Protein chains: 4
Amino acid sequence: MSERLIKTAVVGASGYSGQELLRLLLMHPQVELAAVTSRQEAGRSLAEVFPRFRGAPKMDALCFIEPDMDAIAATGAECAFLALPHGVAYEFAAGLLERGIRVIDLSADFRLNDPAVYAEFYGGDHPSPELMKEAVYGLPEFRAEEIRQARIVASPGCYPTSILLPLLPLLKSGLINPASITVSSMSGASGAGKKADASLLFAEINESVRAYGAPKHRHLSEIEQELSIAAEAVVRISFVPHLMPVTAGICTTIFCEPGEQGKGGDLSKLIAGAYDSAYGNAPFVRILGENKFPDTKHVTGTNHVDIGWVEDKRTGRLLLFSAEDNLGKGASSQALQSFNLMFGLPETTGLFNY
Amino acid sequence: MSERLIKTAVVGASGYSGQELLRLLLMHPQVELAAVTSRQEAGRSLAEVFPRFRGAPKMDALCFIEPDMDAIAATGAECAFLALPHGVAYEFAAGLLERGIRVIDLSADFRLNDPAVYAEFYGGDHPSPELMKEAVYGLPEFRAEEIRQARIVASPGCYPTSILLPLLPLLKSGLINPASITVSSMSGASGAGKKADASLLFAEINESVRAYGAPKHRHLSEIEQELSIAAEAVVRISFVPHLMPVTAGICTTIFCEPGEQGKGGDLSKLIAGAYDSAYGNAPFVRILGENKFPDTKHVTGTNHVDIGWVEDKRTGRLLLFSAEDNLGKGASSQALQSFNLMFGLPETTGLFNY
Amino acid sequence: MSERLIKTAVVGASGYSGQELLRLLLMHPQVELAAVTSRQEAGRSLAEVFPRFRGAPKMDALCFIEPDMDAIAATGAECAFLALPHGVAYEFAAGLLERGIRVIDLSADFRLNDPAVYAEFYGGDHPSPELMKEAVYGLPEFRAEEIRQARIVASPGCYPTSILLPLLPLLKSGLINPASITVSSMSGASGAGKKADASLLFAEINESVRAYGAPKHRHLSEIEQELSIAAEAVVRISFVPHLMPVTAGICTTIFCEPGEQGKGGDLSKLIAGAYDSAYGNAPFVRILGENKFPDTKHVTGTNHVDIGWVEDKRTGRLLLFSAEDNLGKGASSQALQSFNLMFGLPETTGLFNY
Amino acid sequence: MSERLIKTAVVGASGYSGQELLRLLLMHPQVELAAVTSRQEAGRSLAEVFPRFRGAPKMDALCFIEPDMDAIAATGAECAFLALPHGVAYEFAAGLLERGIRVIDLSADFRLNDPAVYAEFYGGDHPSPELMKEAVYGLPEFRAEEIRQARIVASPGCYPTSILLPLLPLLKSGLINPASITVSSMSGASGAGKKADASLLFAEINESVRAYGAPKHRHLSEIEQELSIAAEAVVRISFVPHLMPVTAGICTTIFCEPGEQGKGGDLSKLIAGAYDSAYGNAPFVRILGENKFPDTKHVTGTNHVDIGWVEDKRTGRLLLFSAEDNLGKGASSQALQSFNLMFGLPETTGLFNY
């Protein structure tokens, strides 16, 4: 492990995933924050915008700058995280890559492979179909090698991460029937972003539980893309997200039926085996085991995802459960995991946090 | 409507559903609280145990007494609500009925028809199989006539109410496939009761979201019993309850597939029709319509259940949504709705609350 | 008590105090909602804007209209509640009074007597100094007679109500030293209003406790005005409001020293006596007594204010405690209490709520 | 800085401050957890009791043991943290010191200097008055040198830390009048401990704000002891703690009057100067400045305390504000700060956390 500092930029850092990313970069032993941009906060110090970071060694002198690509390049940044809204990131991605800066994009702009699916779920043609092709979908547990080599990583969405990690190993091994999947996810309010919207006020979300966005939440597109790759067939699922009165955390419950490979044998043992093969060496996926229910409170602030399952023998179904921090493994710390891979660092650098 | 006061007892009133029941009885224009019992609070005034009720006209002079059946009968009570733990209610139910007092039981002791199912889900033989048979499962939207005549009503559980009300009309009319049902419910912490248990502390439940109790939560027994009656066939479902950091409220999301009667036609129109037939005159069931998501915050403190649905055309599934107050329509106000029926009052008496 | 219905308008009903007011009017047996205005919601039904009210008898057919004074007058309304922002209410108050409609203003526009104090705390000259003089500061426990006769009532603010009710009887009887008062109040997030402001998002207020607005919160002006009247001397206090992660409720803690009349005797007995004289017949002020701490959870949704006190004999100070619902006794239900007085109804009509 | 690992024991680690301490020790680069005891969890692994720590390198193999002093000594532990209830710690402190193990006690057993005050506030005679004398009150910002040499450190309570840090520099410099201090503190629910008590249930604390414990909370004894030392005179204050619906965090608001040294000059400048002298080199005290309000959400999970102040010129009072994590700077991370001093490490080792 080289002890050098890697100059890093964060573009669009004033939202919740930007803030969590800055928090992690601040504590990362091999990162030098070279530039932090925000159109709305330009000129203000990081400590002023984020009082939590006041007094931090790397943070005190740093100010937000305008999101100018030449200015970012002039800092000598080798890598840029984009924590921008969907539809805004692609322009920066293209421009920064041209300037020789590797890009980790936290938006949805480069997560899809198929321009038609992009148009269906996000509206309008994708402006950079070639970059869309080039970008690696950044699930480090499944694409570590490609991430290491990537110029541009499209870091997965929060719901997708919580759904894909329990499902991918089981689909790959044929243990579940891809046509049978229904998903109920519960997310904290930070997932809706830091925007001035009266429906996101404390007095609206507190003491409230509700579904929303079904049947065609935008994240469904990348979820089904990755499930289909794993199943080697087109997979369609039913997905209902819910908004919970917690700041951070996603809890996902998946109902499915055994596939051909899951019938006849000891299903639970087969599942344990599939998870062990997939995640035995994955430092951030914790397999809790059968009849264990993950709790978001045990993963918030970390890059962990916890997974458990239950065989519902009365109905023949299999129930899968996961918990993650939507801003952590569902966004910022997962992006940092990709960063570690891209720059030849141990995957856990700066992510050893409990 | 007679203006007479009906002498009423509440047995075991120190928990959350007991408290909510007392709150409603206090505001009910035709109820006189004749006796309120609690082993642990005997001798204390209601205002002392429940400071919220301090100063209420009916409440000030009233004290908790020991749960003695003769003492209750001596007050002239015509009706007793049992807000006792499961396994304790049956003894009081039998004794009070013998003394000529009609019983509305909020526990699970009399909700099942089949002693074998009782033994499977609650353990041990039921001590009063005849009373179990006699007791009416108190869903007023489906059994109003039987409730009116009943000596003993078994008021439904919180999860069951939130699941049965959206499903029963659709099963009865064959619009959904009974074998396809999976349910994800999210409940507030009051559902776990007012017991000194470290896992229910504020610091444990706040900022936490988790599944529990799958695959065989006790409420599943009454849910499947009622679904089976409606479908005229044995129905088995997968049910996952979740614990949410709200005090009150249950949000339920149901995934299912269309049944024979639901194929071919305009499914959403058929659903709207089935709901209109079932609930057109039901004052407490509010059909929000297609693509509407109920929110627990709009029903807490009331006897309402809100219902919406979504057709997931990409997968061919139907998604149903409901919201209720677990202590309201899921417990105490629903029990009071049965009371109104039993005593010939308008169903909404004392329940006109927003 | 006349059984007639009083035609009533609510002007500016889309915020939190407007919503709470509508909720109470909806259940009030002698109110007919004649007009409900909202610039931003005009044309939408009340049930659509406030799903909680869906299905309510008085509510279903009612739509928001533009805040046009002639249109309001044309409905035959006898009374209008103004739930408008500060600085907007005075124009409607003047215009509606001219049209013969009595006004209950929930804003701060008419709470002060002294135009100079208004200018100091709210900025700019008051446009209607005569109306300002005429308006009655609507604390029913102290001004019932004037409220009965009033054309215009300025209903008190949330913090002021929680501070004045424990202090006024003690100041009037000389039991405390007016120069010694310091106040720490804790308010729920609904007090900040339903405005699209990123600092009020769930993810900002949840798991956060902080002071704000000291030393010169706008409410200080009316607090000191009323304290000065009671003390018959200029009173200045130190007041620190805090924002709490609850939807509703204000908890106030007051530190003060005994006054001349409070020295020598049994202070606690004197206090109990002063409260009994002031509130012995006040249906909404509950005196919990010495060494009792009010809890906001026992008053939310009601018009109650709970009051307790502690003698801190080690320091010679007196500690006073109160709890109210900032939207209830601190705003909407208190305004309705004035309405009852103005229209010759029992003070508790429509406010019997636990 | 030596790179050696210091063998460390935690006695009584199953509560909230024990858990936070373990979390920090786990990430501390120079600590080896030699023994972790808990009467109630003995035999279970740390990962099982605290699922959050699952997979942590130092944690996986470690099991809770019975709190046996010889067993602890046999591990070679050089230091023991006591996270035991008050009244239980002194016995372990004495026994472990005898066995040559330095002790950092998080309970109140050794915080007081005066046996009479101990008897008054905690009841009964202190069993080890000599150790009580020897123990250093562990506020590192004021007693770093004594802590470095100490065999036994009594780590301060949560309320005391939040009150002493803003007050001590001002009292020492005569800027405030010691007789004028009143304090309102607001604490999260974890401060009440992890005990099975129905009054601490989620459904009791959520949507609730209330004072408690005044006028003579146990923490008052150590607060006044330290204030008196700073003022070189007996100081008595009025202190009201409040319980808030947050998991962690204390927000403290202090009202006081200027002292002799604070009159005449520019008070705010004098205060800034006093804080700069006291905390200019203190890595964990962040002086936000005049008219700034600390927010608990910016310090939770860290060892920071944030301090701001306001001059209330209308009343001549000074208002001080602080925010800390009650489990962090108010308990476990502060204890670890003392540990760093005791073992010659940089004060910030293992505490660089945002």
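Residues numbered from 1 in each chain as written. Chains lettered and ligands numbered in written order. Predicted model: local features only at pLDDT ≥ 70, side-chain atom pairs only at ≥ 80, totals over all residues.

Colleague: Even after reading the chapter, I still don't get the relation of the copies chain A and chain D, so can you show me in this structure?
Modeller: Relating the two copies of this chain is a rotation about some axis coupled with a shift parallel to it. Mapping chain A onto chain D calls for a rotation angle of 180° and an axial translation of 0.0 Å; the resulting RMSD is 0.0 Å. A rotation of that kind, with that shift, is consistent with a two-fold axis. By residue overlap, the copies meet face to face through one surface: 100% of the interface positions of chain A are interface positions in chain D. (Least-squares fit on C-alpha atoms with pLDDT ≥ 70 in both. Contact = placed C-beta atoms within 7 Å.)

Colleague: Sorry, what's going on with the relation of the copies chain A and chain B here?
Modeller: Note on the identical chains: chain A maps onto chain B by a rotation of 180° and an axial translation of 0.0 Å, with an RMSD of 0.0 Å. The overlap is high: 100% of the interface residues of chain A also sit at the interface in chain B, so the same surface is used on both sides.

Colleague: Would you explain the sheet that holds strand β6 (residues 136-137) of chain B in this entry?
Modeller: Residues and elements named next belong to chain B. Spatially, β3-β2-β1-β4-β5-β7-β6 is the arrangement adopted by the seven strands of the open sheet, whose pairing is parallel. A single partner strand is all that each edge strand has here, and the edge strands are β3 (64-65) and β6. As paired elements, strand β5 (residues 102-105) and strand β7 (residues 152-154) share three bridges and run parallel to each other. Looking at the pairing, D105 lines up with A154 of β7. (Pairing = 2+ DSSP bridges. Helix = DSSP H or I, 4+ residues; strand = E, 2+ residues; numbered from the N terminus.)

Colleague: Quick question: what am I supposed to make of the interface of chain A and chain D here?
Modeller: The figure often quoted for interface size is the accessible area lost as the parts come together. Across the contact, 14 residues belong to chain A and 14 residues belong to chain D. Among the elements that take part in the side of chain A that touches chain D, helix α1 (residues 16-27) of chain A stands out by supplying three residues, more than any other. In the side of chain A that touches chain D, the residues fall into seven nonpolar, two polar and five charged. (Nonpolar A, V, L, I, M, F, W, Y, C, P; charged D, E, K, R; others polar.)

Colleague: So what exactly am I meant to see when it comes to the pairing of strand β13 (residues 305-312) of chain C here?
Modeller: Both faces of the sheet carry side chains from a regular strand, because those side chains alternate between them. All names here are of chain C. Of all eight residues in β13, seven are buried, a share of seventy percent or more. Across five bridges, the pairing between strand β12 (residues 285-290) and β13 is parallel. When the bridges of β13 are listed, G289 appears paired with G308. Note that β13 and strand β14 (residues 317-324) share eight bridges and pair antiparallel. If you follow V310 over to β14, its bridge partner there is L319. Turn length for the β13-β14 hairpin, with the two strands adjacent in sequence and antiparallel, is four residues, and the turn residue G316 shows positive phi of about 75°. (Buried ≥ 20, exposed ≤ 12 C-beta atoms within 10 Å, placed from the backbone.)

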